[in-house]
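Here's the letter readout for the chains.
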Amino acid sequence: MKSRIKLSLILSVVAGLFIISCMRMEEYPDEPVITYMDFEKIFNVTDSVYDRGVLKFEFTDGNGDIGLDANDTFPPFKPGTRYYYNLIIDYYEVRNGVETPVDITVYNAVTEQYDTVYLSARIPPLIPKGINKALSGDIYDTVFIYNYYSDYDTLFLKFRIVDRALNESNVETTPYIVRTAFP
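Since this is a predicted model, take the numbers as computed values, not measurements.

What follows deals with the environment of Gln-113. Within the fold, Gln-113 resides in strand 6 (residues 113-117). For Gln-113, the contacting residues outside a window of four places in its chain are Val-106, Tyr-107 and Asn-108.

Printed below as a string of structure tokens:
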């Protein structure tokens, strides 16, 4: 009886090791890699304009260090610094055929000044489970796209992500997005 239990235990361990050895461990570079998927415009009924959209992209990261917590505000993630945001989005307009980077501004009635609107965002921590720390997935980010002070209706976005080790991904670009007034 004891030899049967030992044999069953040994066979179970061997079978478990065989199954684990056959499982494919995902391997990606430590630097994040992103791939543009889509941009879906959102219509604002009140203003009768497409003023926002959802930027959709895929990502991979080999060591799983994507994301910033709300408490991550010390250097190099201090507000106002280069790495405060880990999803960096740049806004461009096509002006008379020329692709032009643009800062979007809005009027702040409290301060009676124009403030810059930042499209960049902070991706929250994405913590991989298990031994393999490689991450992959999709990110959807709602982005403000309407520049009320512009006479131009065609825009596009360039974006990248940064991991906690400050490795920057490749830069991806959306196709041209035409802001239309009616759906």
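In this section: the packing of aromatic side chains. Overall, the coordinates contain 6 aromatic pairs when judged by the stated rule. With a centroid separation of 5.1 Å and an interplanar angle of 45°, the aromatic rings of Phe-57 and Phe-159 are classed as tilted. Here the residue Phe-57 occupies a position in strand 2 (residues 49-61), and Phe-159 occupies one in strand 8 (residues 154-161), the gap between them amounting to 102 residues. Note on Phe-159: relative accessible area 0%, which makes it buried. Across from the ring centre of Tyr-84, 4.3 Å away, lies the NZ or CZ of Arg-122, which sits over that ring. Its guanidinium or amino end placed over the ring of Tyr-92, Lys-158 lies 5.1 Å from that ring's centre, counting from NZ or CZ.

With antiparallel pairing, the 3 strands of this open sheet are ordered in space as 1-2-7. Either end of the sheet is taken by a strand with one partner, and the two such strands are strand 1 (33-44) and strand 7 (135-144). Neighbouring strand axes in the sheet, compared pairwise and without regard to direction, differ in orientation by 20° on average. Bridge count between strand 1 and strand 2: 11 bridges; the pairing is antiparallel. The partner of Phe-43 across the bridge, within strand 2, is Tyr-50.

What follows concerns the nonpolar core. Grouped together as the largest cluster of nonpolar side chains are 23 residues, with contacts concentrated most on Phe-57, Ile-89, Leu-157 and Ile-161. Of all the secondary-structure elements, those providing two or more residues to this core are strand 1, strand 2, strand 3 (87-95), strand 7 and strand 8. Looking at this core, the element that brings in the most residues is strand 8, giving 4 residues. When near neighbours in sequence (up to four residues on either side) are disregarded, Ile-89 contacts Leu-55, Leu-119, Ser-120, Asp-141, Val-143, Leu-157, Lys-158 and Phe-159. Listed in part, the 5 residues of the second largest apolar core include Leu-68, Phe-77, Tyr-83 and Ile-88.

This part covers the pairing of strand 8. Burial analysis of strand 8 places 7 of its 8 residues in the buried class, the great majority of the element. Pairing between strand 3 and strand 8: 7 bridges, direction antiparallel. Following the sheet pairing, Ile-89 is matched in strand 8 by Phe-159. Bridge count between strand 8 and strand 10 (residues 177-178): 2 bridges; the pairing is antiparallel. Residue Leu-155 lies in a different strand from strand 10, and its bridge partner there is Ile-177.

On average, residues of the protein chain score 83 in pLDDT, and 85% of them reach the 70 mark or higher. Between the elements of the protein chain, mean pLDDT differs from a low of 42, seen in helix 1 (residues 2-22), to a high of 98, seen in strand 9 (residues 172-173). Per-residue pLDDT stays below 50 along residues 1-23; that stretch engages in 0 contacts with residues further than four places along the chain or on separate chains.

Definitions and limits used
Residues numbered from 1 in each chain as written. Predicted model: local features only at pLDDT ≥ 70, side-chain atom pairs only at ≥ 80, totals over all residues. Heavy atoms only, no water. Helix = DSSP H or I, 4+ residues; strand = E, 2+ residues; numbered from the N terminus. Contact = heavy atoms within 4.5 Å. Phe/Tyr/Trp six-rings, centres within 6.5 Å; stacked < 30°, edge-to-face > 60°. Buried < 20%, exposed > 50% of the residue type's maximum accessible area, 1.4 Å probe, protein only. Lys NZ or Arg CZ within 6 Å of the ring centre and 35° of its normal. Pairing = 2+ DSSP bridges. Axes fitted to C-alpha atoms, helices over the stretch in contact; angles between N-to-C directions. Core = buried A, V, L, I, M, F, W, Y, C linked by side-chain atoms within 4.5 Å. pLDDT = per-residue confidence, 0-100.

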